[in-house]
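Per-entry structural report
Read off the chains here:
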Amino acid sequence: MNRELFSSTGVQMLDLMLCKKLEECRNQCIEMDIFVYAAIDKKMRILGITNQELLRLFGDLIRNAMRAVIKAADTQRDILIMITYNSEGDLEFQIYDNGVPFPRSVLSHLGERGNKEAGTGNGLADMMEILNRVKASLEITTMESKNDIFTKKICICFDGKAIRNLHIYF
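What comes next is a walk through the structure.

What counts and how
- Residues numbered from 1 in each chain as written.
- Predicted model: local features only at pLDDT ≥ 70, side-chain atom pairs only at ≥ 80, totals over all residues.
- Heavy atoms only, no water.
- Helix = DSSP H or I, 4+ residues; strand = E, 2+ residues; numbered from the N terminus.
- Contact = heavy atoms within 4.5 Å.
- Areas by Shrake-Rupley, 256 points an atom, 1.4 Å probe, with all protein chains shown as cover.
- Expected span 1.5 Å × (residues − 1).
- Buried < 20%, exposed > 50% of the residue type's maximum accessible area, 1.4 Å probe, protein only.
- Core = buried A, V, L, I, M, F, W, Y, C linked by side-chain atoms within 4.5 Å.
- Pairing = 2+ DSSP bridges.
- Axes fitted to C-alpha atoms, helices over the stretch in contact; angles between N-to-C directions.

A few points about the overall build of the protein
Along the backbone of the protein there are 5 helices and 6 strands. Helices and strands appear in the protein in the N-to-C order α-β-α-α-β-β-α-α-β-β-β. Taking the contacts inside the protein whose residues are at least 6 apart along the sequence as the reference set, 65% of them involve residues at least 24 apart. Summing over all exposed atoms, the protein offers an accessible surface of approximately 9,000 Å²; the carbon and sulfur share of this is 49%.

Focus on helix H1 (residues 12-27)
Here H1 contains 16 residues, and its C-alpha end-to-end distance of 23 Å stays within 8% of the 22 Å for a straight helix at 1.5 Å per residue. Every buried residue of H1 is listed here: Leu-14, Asp-15, Met-17, Leu-18, Cys-19, Lys-21, Leu-22 and Cys-25. Residues of H1 that are buried make contact with strand S1 (31-36), helix H3 (51-71) and strand S2 (78-85). The first or second residue beyond H1 is Cys-29, which carries a positive phi of 55 degrees.

A closer look at the nonpolar core
Counting residues in hydrophobic clusters, the biggest one holds 44 residues, and the most contacted among them are Phe-93 and Ile-156. At the level of secondary structure, the elements contributing two or more residues to this core comprise H1, S1, H3, S2, strand S3 (91-97), helix H5 (123-134), strand S4 (137-142) and strand S5 (152-157). Per element, the largest residue contribution to this core is 8 residues, and it comes from H3. Not counting residues within four places of it along the chain, the set of residues in contact with Ile-156 comprises Leu-57, Leu-61, Leu-91, Glu-92, Phe-93, Met-127, Leu-131, Ala-136, Ser-137 and Leu-138.

Some thoughts on the pairing of S4
Of all 6 residues that make up S4, 5 are buried, and the element is covered over most of its length. Where S4 and S5 come together, 6 bridges link them in antiparallel fashion. Its bridge partner lying in S5, Thr-142 is registered against Lys-152. Pairing geometry for S4 and strand S6 (residues 164-167), over 4 bridges, is parallel. Residue Thr-141 lies in a different strand from S6, and its bridge partner there is His-167.

What about the sheet that holds S2?
Here we have 6 strands laid out as an open sheet, ordered S1-S2-S3-S5-S4-S6, and mixed in their pairing. The sheet is open, and its two borders are formed by S1 and S6, each paired with just one other strand. Between one strand axis and the next, the sheet turns through 10 degrees on average, direction left out of account. Across the sheet, H1 lies against S1 and S2, angled at about 160 degrees from S1, the strand it touches most. With respect to the sheet, H3 is in contact with S1, S2, S3 and S5, its orientation differing from that of S3 by roughly 20 degrees.

Limitation: the analysis is restricted to geometry and does not speak to function.
What follows is the structure, given as structure tokens:
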């Protein structure tokens, strides 16, 4: 494990999982970058998010991004993970990829169990349960410009507002 790849999240098991996901991406010719600008261990404890929930959250989001970029076979495969604070001082998890768009059926039933394009159909439902419990906001954006490196962004903001914004352009 090469620890110089990104700064620690403050959660050792998450750091290990992220390293494993970096390796998986390399093996599938996916370029994944991780930027950690904030240790999150204390904030997760305060919010009552367990390490297991945190691992599941990141694991599901990264797995979904990997599937999306693999499906977009005609492009460079890119994923960007950022753990940072926004301008208001709220912790954010930002996941960007240049894969295929979210299917309309998945977005129109976001958070419902069994709602899937692939996998079990529980990943986004689990994520929404966690976000609802801690009143975190969720924003899903597809990029409008064809000049953007990424095609979509998922932003989870721990702001206590539980806002849901979908900026989707089909």
